[in-house]
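Notes for the structure review
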Amino acid sequence: MALSLDDASADSLSALLAARLTDGFLELYSAADALLLRTRLPLAAFEADGVNGGQKLAGEWFGTCTTGGTATKFKLKSSDASISVNGTVSGPGGGGDVVVSNPVMTFGQLIEVLSCLLTYRV
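Bear in mind that the values here come from a model prediction, so they are computed numbers and not experimental data.

Moving on, we get to the nonpolar core. Counting residues in each nonpolar core, the largest one holds 25 residues, and the members touching the most others are Leu28, Phe46, Trp61 and Leu76. Elements supplying a minimum of two residues to this core: helix H1 (7-21), strand E1 (25-29), strand E2 (35-40), strand E7 (73-77), strand E8 (84-90), strand E9 (98-100) and strand E11 (110-118). With 4 residues, the single largest contributor to this core is E11. Sequence-distant contacts of phenylalanine 46, defined by excluding residues within four places in its chain, comprise Ala18, Leu21, Leu41, Gln55, Lys56, Leu57, Ala58, Trp61, Leu76, Cys116 and Leu118.

And the structure:
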């Protein structure tokens, strides 16, 4: 039997997760698990999403690619690496859990994260 949460509980868990990720890192990886980008999250990285529930990115998330490749996966990690959230990466309109300005990356390229949503709702 699958567990289900009411909206208030789902939003509370999302807020707790977002708080744990504060001052953490975003890492973008290729399909072959090559690390393409690692950047520190803003101090106020998430805010409540009144439309979809959960937490959405707040502020501006940017990073510089350390190597070339196509980003297909991400990890959000707490600053002490005790929490890790994994998901998919896409460009605009691609349906990824994290949407970046351009998933095809080259060394030194500046990448902007356009959206990220933490939610326990289905």
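The subject of this paragraph is the pattern of salt bridges. Tallying each qualifying case throughout the model produces 5 salt bridges. Residue glutamate 27 is joined to arginine 38 by a salt bridge in which the shortest nitrogen-to-oxygen separation is 2.8 Å. Here glutamate 27, found in strand E1, pairs with arginine 38, found in strand E2; they are 11 residues apart in sequence, far enough to count as distant. Among the residues examined, glutamate 27 registers a relative accessible area of 4% and is labelled buried. Using a relative accessible area of 43% as the deciding quantity, one classes arginine 38 as partly exposed. Salt-bridge contacts for lysine 73 lead to aspartate 33; the nearest nitrogen and oxygen are separated by 2.4 Å. Of this pair, lysine 73 sits in strand E7 while aspartate 33 sits in the loop between E1 and E2, placing them 40 residues apart in sequence. Given a relative accessible area of 51%, aspartate 33 falls into the exposed group. Residues joined by salt bridges that share partners form a network here, namely Glu27, Arg38 and Lys77.

Over its 15 residues, H1 extends 21 Å from the first C-alpha to the last, a length consistent with the 21 Å expected when each residue adds 1.5 Å. Listing the buried residues of H1 in full gives Ala10, Ser14, Leu17, Ala18 and Leu21. Each buried residue of H1 sits inside an arc of 100 degrees when the element is viewed along its axis, so together they form one side. Facing away from the buried surface of H1 by more than 90 degrees, the exposed residues are Ala8, Leu16 and Ala19. Close packing links the buried residues of H1 with strand E3 (46-48), strand E4 (55-57), E7, E8 and E11.

Its location among the elements puts glutamine 55 in strand E4. In this view, glutamine 55 contacts Ser14, Ala15, Ala18, Phe46, Glu47, Ala48, Asp49, Cys116, Leu117 and Leu118; residues no more than four positions away in its chain are not counted.

Next up on the list: the confidence of the model for the protein chain. Mean pLDDT over the protein chain: 91, with 97% of residues reaching 70 or higher. Mean pLDDT in the protein chain bottoms out at H1, which sits at 88, and peaks at strand E6 (residues 69-70), which reaches 98.

Thresholds, definitions, all that
- Residues numbered from 1 in each chain as written.
- Predicted model: local features only at pLDDT ≥ 70, side-chain atom pairs only at ≥ 80, totals over all residues.
- Heavy atoms only, no water.
- Core = buried A, V, L, I, M, F, W, Y, C linked by side-chain atoms within 4.5 Å.
- Buried < 20%, exposed > 50% of the residue type's maximum accessible area, 1.4 Å probe, protein only.
- Helix = DSSP H or I, 4+ residues; strand = E, 2+ residues; numbered from the N terminus.
- Contact = heavy atoms within 4.5 Å.
- Salt bridge = Lys/Arg side-chain N within 4 Å of Asp/Glu carboxyl O.
- Expected span 1.5 Å × (residues − 1).
- Arc of directions from axis to C-beta.
- pLDDT = per-residue confidence, 0-100.

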